[in-house]
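Topology and contacts: notes
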Amino acid sequence: MDHLNNQSPVDLAVNIGGIQLANPVMTASGTFGYGREFAQFVNLDAIGGIVVKGISIEPRAGNPPQRIVETPCGMLNAIGLENVGLERFIAQKLPYLRSIKCRVVVNILGDSVEEYAYLAEKLSEHAGIDGLEVNISCPNVKKGGVAFGTNPAMAQAVTEAVKKHSTLPVIVKLSPNVTDIAAMAKAVEAGGADAISLINTLIGMAIDIDKRRPRLANIIGGLSGPAIKPIALRMVWQVANAVSIPVIGIGGIGTTEDALEFLIAGATAVQIGTANFYDPGAADTIISGLTTYLEQHNETSLINLIGSLDTGVLS
Ligand SMILES: Cc1cc2nc3c(=O)[nH]c(=O)nc-3n(C[C@H](O)[C@H](O)[C@H](O)COP(=O)(O)O)c2cc1C
């Protein structure tokens, strides 16, 4: 018996489009550095997966300060996709990521379809990467700056290009700044995505009324944290009902209860973002919380929970 080994009989394992995770708790891109930064707060061997900060071909310095503003139950950021670039990521960050047990997903960003394809091809050549997450909330410079993530045809094209140039499972991360999230999800599924993650940040702004100036140097920024959770949950539920590939829920998740809501809505896994800033041990807490919940509800496998939402009329 598992009990005799002092192990829980509960099975938390899930599969995300070919990436086998020990449990459904991942950390979201841009909120967990390159993993090592959080080693003193979280047992990196125990979490399901880490999604590293978005990587571009060349290093990016990001936007000037002020880049972060606190808002009621959330934060606005306009970091501007600062990152070390492909070469330094492979040379300086990947060796450490190879040494930890959890799955490693590399988030990629580009200004053209070709840039995404190049990143996918280069990253596929290196051991220690379990999957790619494609951030499509970036402007397509060649097509006049329209974000890939707001146009279904462009989202499909970038997905197809990444799939064609990569041997790794491909997760496409959707932007919530669209009218019809299900249409975006269907487009990337048609493009060959192995899984979908959502949501990225919602676009917002804040003003200093004494200076009558924007609080962010970039004027507008991405809203994240508990404030966006109901929107994220609604979108995850809509997408999970629209596609047949696995969905990863992101947006304001900071507690076990939050994670459970997303799983019940249809997410196969969740990512913890802003919560890592105010509760760096959140991922650990949520993993043990999920085990406790399943034990208390006499469930042996987390899979039984996924999409178990009952929307029928109450009798
Ligand atoms: C400071 C910061 C940096 C982020 N950087 C990235 C990034 O590089 N790539 C990306 O796809 N998402 C990025 N995100 C979005 C998060 O991964 C996540 O989708 C979003 O914050 C919503 O989740 P949350 O409410 O749990 O934070 C960033 C978010 C924050 C707050």
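Treat the numbers as computed from the prediction; the structure is a model and nothing was measured.

**With respect to the overall build of the chain**
Along its length, the chain carries eight helices and 18 strands. Its C-alpha atoms give the chain a radius of gyration of 19 Å, within 12% of the compact-globule value 20 Å for 315 residues. Seen through its principal axes, the chain has C-alpha atoms that stretch 60 × 50 × 40 Å. Taken over 315 residues, the chain has a buried fraction of 51%. Looking at the chain alone, contacts between residues at least 24 apart form 70% of all its contacts between residues at least 6 apart.

**With respect to the side chain of D258**
One can find D258 in helix α6 (residues 256-265). Here D258 falls in the buried class, since its relative accessible area comes to 12%. In this structure D258 touches K229, G252 and I253, once residues within four positions along its chain are discounted.

**Considering helix α4 (residues 181-190)**
Note that an α-helix has 3.6 residues per turn; residues three or four places apart therefore point the same way. I181, A182, M184, A185, A187 and V188 are the residues of α4 that are buried. Buried residues along α4 sit against α3 (152-165), β11 (170-173), β12 (195-198) and α5 (229-242). Measuring from the side-chain oxygen of the N-cap residue of α4 to the backbone nitrogen of A182 gives 3.3 Å; that N-cap residue is D180. Two residues or fewer past α4, G192 is found with a positive phi of approximately 105°.

**Section: the sheet that holds strand β6 (residues 74-77)**
In a beta sheet, neighbouring strands pair by backbone hydrogen bonds and run either parallel or antiparallel. Taken in spatial order, the four strands make up an open sheet running β5-β6-β16-β13, and their pairing is antiparallel. For this open sheet the edge positions go to β5 (68-71) and β13 (202-205), each flanked by a neighbour on one side alone. Across the sheet, the mean angle separating the axes of adjacent strands is 40° when strand polarity is ignored. As paired strands, β6 and strand β16 (residues 220-224) are joined by three bridges and run antiparallel to one another. The partner of M75 across the bridge, within β16, is S224.

**Some words on the pattern of salt bridges**
Tallied over the entire structure, the rule returns eight salt bridges. Salt-bridge contacts for D194 lead to K163; the nearest nitrogen and oxygen are separated by 2.9 Å. With a gap of 31 residues between them, D194 in the loop between α4 and β12 and K163 in helix α3 connect regions that are remote in the sequence. Through salt bridges with shared partners, a single ionic network connects K229, D258 and E261.

**Let's talk about unusual backbone geometry**
Residues P65 and Q66 are joined by a peptide bond in cis, for which omega reads 5°. As for its position among the elements, Q66 is in the loop between β4 (49-55) and β5. Cis peptide bonds are those with omega within 30 degrees of zero, and the linkage from L198 to I199 qualifies with 15°. Tracing the backbone through its elements, the reader meets I199 in the loop between β12 and β13. One non-glycine residue, C73, lies in positive phi territory at about 55°. At L81, a residue that is not glycine, the phi angle is positive and equals roughly 55°. Summarising the element assignment, L81 is placed in the loop between β6 and α1 (85-99). Looking at L81, the relative accessible area reads 26%, which means it is partly exposed.

**Notes on the side chain of K173**
Structurally, K173 can be placed in strand β11. With sequence-adjacent residues up to four places away left out, K173 is seen in contact with S29, N107, E133, V134, N135, I136, S197, I199, N200 and I250.

**Side note on the site of the ligand**
Within the structure, the ligand sits among 24 residues, and S29, K173, G225, G252 and T274 are positioned closest to it. Within the contact set of the ligand, an oxygen atom lies 2.8 Å away from a backbone nitrogen or oxygen of G225. Relative to its unbound accessible area of 610 Å², the ligand is 97% covered by the protein chains. Those elements that provide at least two residues to the shell around the ligand are β4 and β6.

**Focus on the sheet that holds β12**
What the eight strands build is a closed barrel, ordered β3-β4-β7-β8-β11-β12-β17-β18; its pairing is parallel. Averaged over all pairs of adjacent strands, the angle between their axes in this sheet comes to 25°, without regard to strand direction. Sitting on the sheet, helix α8 (residues 282-296) touches β3 (25-27) and β18 (269-272), and the angle it makes with β3 is about 170°.

**Quick look at the environment of K143**
Position of K143 among the secondary structure elements: in the loop between β9 (139-140) and β10 (146-147). For K143, a relative accessible area of 57% corresponds to the exposed category. The spacing of K143 and F262 is 119 residues in sequence and 35 Å in space, taken between C-alpha atoms.

**Points about the confidence of the model for the chain**
Put simply, the chain has an average pLDDT of 95, and 98% of its residues get 70 or more. Across residues 1-5, confidence stays below pLDDT 50; counting only partners more than four residues off in sequence or on other chains, it has four contacts.

Definitions and limits used
- Residues numbered from 1 in each chain as written.
- Predicted model: local features only at pLDDT ≥ 70, side-chain atom pairs only at ≥ 80, totals over all residues.
- Heavy atoms only, no water.
- Helix = DSSP H or I, 4+ residues; strand = E, 2+ residues; numbered from the N terminus.
- Rg over C-alpha atoms; globule rule 2.2 N^0.38 Å.
- Buried < 20%, exposed > 50% of the residue type's maximum accessible area, 1.4 Å probe, protein only.
- Contact = heavy atoms within 4.5 Å.
- Polar contact = N/O pair within 3.5 Å; in protein donor to acceptor, adjacent residues only side chain to side chain.
- Pairing = 2+ DSSP bridges.
- Axes fitted to C-alpha atoms, helices over the stretch in contact; angles between N-to-C directions.
- Salt bridge = Lys/Arg side-chain N within 4 Å of Asp/Glu carboxyl O.
- Near = heavy atom within 4 Å.
- Areas by Shrake-Rupley, 256 points an atom, 1.4 Å probe, with all protein chains shown as cover.
- pLDDT = per-residue confidence, 0-100.

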